[in-house]
Amino acid sequence: MGLLELFAAVLIGGLSAVNVALPVAAWGRARDGRFLLVAGANGFLALLGALWVWGQLPVNPPAYTHSGVPSLAVVLVAVLLLFAATLWPRAA
């Protein structure tokens, strides 16, 4: 269990889980399906982060939950870009 891997996995799961709420709220107002797609992408990234957190814990997890720094870094960049796209103010 590496501390860097555990931190990145928790960050991926946490940011993605938080980032599900804003697109769902926007979908509730506008009923635009694109918001549900963004919320779904974030939901699955949150699930992936939770699996990776499980893989970093010393509880004898299955082999498919293990991850390395390169894959964590790529997914973390994707999560941060989705989070920035959600928080970016709309052009007036």
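Residues numbered from 1 in each chain as written. Predicted model: local features only at pLDDT ≥ 70, side-chain atom pairs only at ≥ 80, totals over all residues. Heavy atoms only, no water.

**Student:** Is there a simple way to think about the nonpolar core in this case?
**Tutor:** Across soluble globular proteins, you tend to see nonpolar side chains buried next to one another. Leu6, Ala8, Ala9, Ile12, Leu15, Leu45, Trp52, Val53, Leu72, Val75, Leu76 and Val79 together form the largest nonpolar core, which totals 12 residues. At the level of secondary structure, the elements contributing two or more residues to this core comprise α1 (3-30), α2 (33-56) and α3 (69-87). At 5 residues, α1 tops the list of elements feeding residues into this core. In this view, isoleucine 12 contacts Leu45, Gly49, Trp52, Leu72, Val75, Leu76 and Val79; residues no more than four positions away in its chain are not counted. (Core = buried A, V, L, I, M, F, W, Y, C linked by side-chain atoms within 4.5 Å. Buried < 20%, exposed > 50% of the residue type's maximum accessible area, 1.4 Å probe, protein only. Helix = DSSP H or I, 4+ residues; strand = E, 2+ residues; numbered from the N terminus. Contact = heavy atoms within 4.5 Å.)

**Student:** Would you take a moment to explain the packing of α1 against α3 for this structure?
**Tutor:** Packed helix pairs are characterised by how far apart their axes lie and by the angle those axes make with each other. Axis separation between α1 and α3 bottoms out at 9 Å; the angle between their running directions is 25°. As far as their axial angle goes, α3 and α1 are roughly parallel. At the point where α1 passes α3, the crossing takes the left-handed sense. Between α1 and α3, the residues in contact are Leu4, Glu5, Ala8, Ala9, Leu11, Ile12, Leu15, Ser16, Val18, Asn19, Leu22 and Pro23 and Val69, Leu72, Val75, Leu76, Val79, Leu80, Leu82, Phe83, Thr86 and Leu87, respectively. Considered class by class, the residues forming the contact of α1 with α3 number 18 nonpolar, 3 polar and 1 charged. (Axes fitted to C-alpha atoms, helices over the stretch in contact; angles between N-to-C directions. Parallel < 35°, antiparallel > 145°, perpendicular 65-115°, else oblique. Left-handed = near helix turned anticlockwise from the far one by under 90°. Nonpolar A, V, L, I, M, F, W, Y, C, P; charged D, E, K, R; others polar.)

**Student:** Which parts of the structure should I look at to understand the side chain of asparagine 19?
**Tutor:** Mapped onto the secondary structure, asparagine 19 falls in helix α1. Using a relative accessible area of 1% as the deciding quantity, one classes asparagine 19 as buried. A polar atom in the side chain of asparagine 19 sits 3.3 Å from the side chain of asparagine 42. Each residue touching asparagine 19, except ones within four places of it in the same chain, is listed here: Asn42, Leu82, Phe83 and Thr86. (Polar contact = N/O pair within 3.5 Å; in protein donor to acceptor, adjacent residues only side chain to side chain.)

**Student:** I would appreciate a short explanation of the packing of aromatic side chains in the present structure.
**Tutor:** A ring pair, where both rings are aromatic, is described by two values, the distance of the centres and the angle of the planes. For the coordinates displayed, the defined rule picks out 0 aromatic pairs. Its guanidinium or amino end placed over the ring of tryptophan 27, arginine 31 lies 4.3 Å from that ring's centre, counting from NZ or CZ. (Phe/Tyr/Trp six-rings, centres within 6.5 Å; stacked < 30°, edge-to-face > 60°. Lys NZ or Arg CZ within 6 Å of the ring centre and 35° of its normal.)

**Student:** Help me understand the pattern of salt bridges in this model?
**Tutor:** Pairing between side chains of opposite charge can happen when their charged atoms approach one another. Applying the stated criterion to the full structure yields 1 salt bridge. Salt-bridge contacts for arginine 34 lead to aspartate 32; the nearest nitrogen and oxygen are separated by 2.5 Å. Classification of arginine 34 by relative accessible area gives exposed; the value is 58%. Judged by its relative accessible area of 22%, aspartate 32 falls in the partly exposed class. (Salt bridge = Lys/Arg side-chain N within 4 Å of Asp/Glu carboxyl O.)

As far as function goes, none of this settles anything; it's purely spatial.
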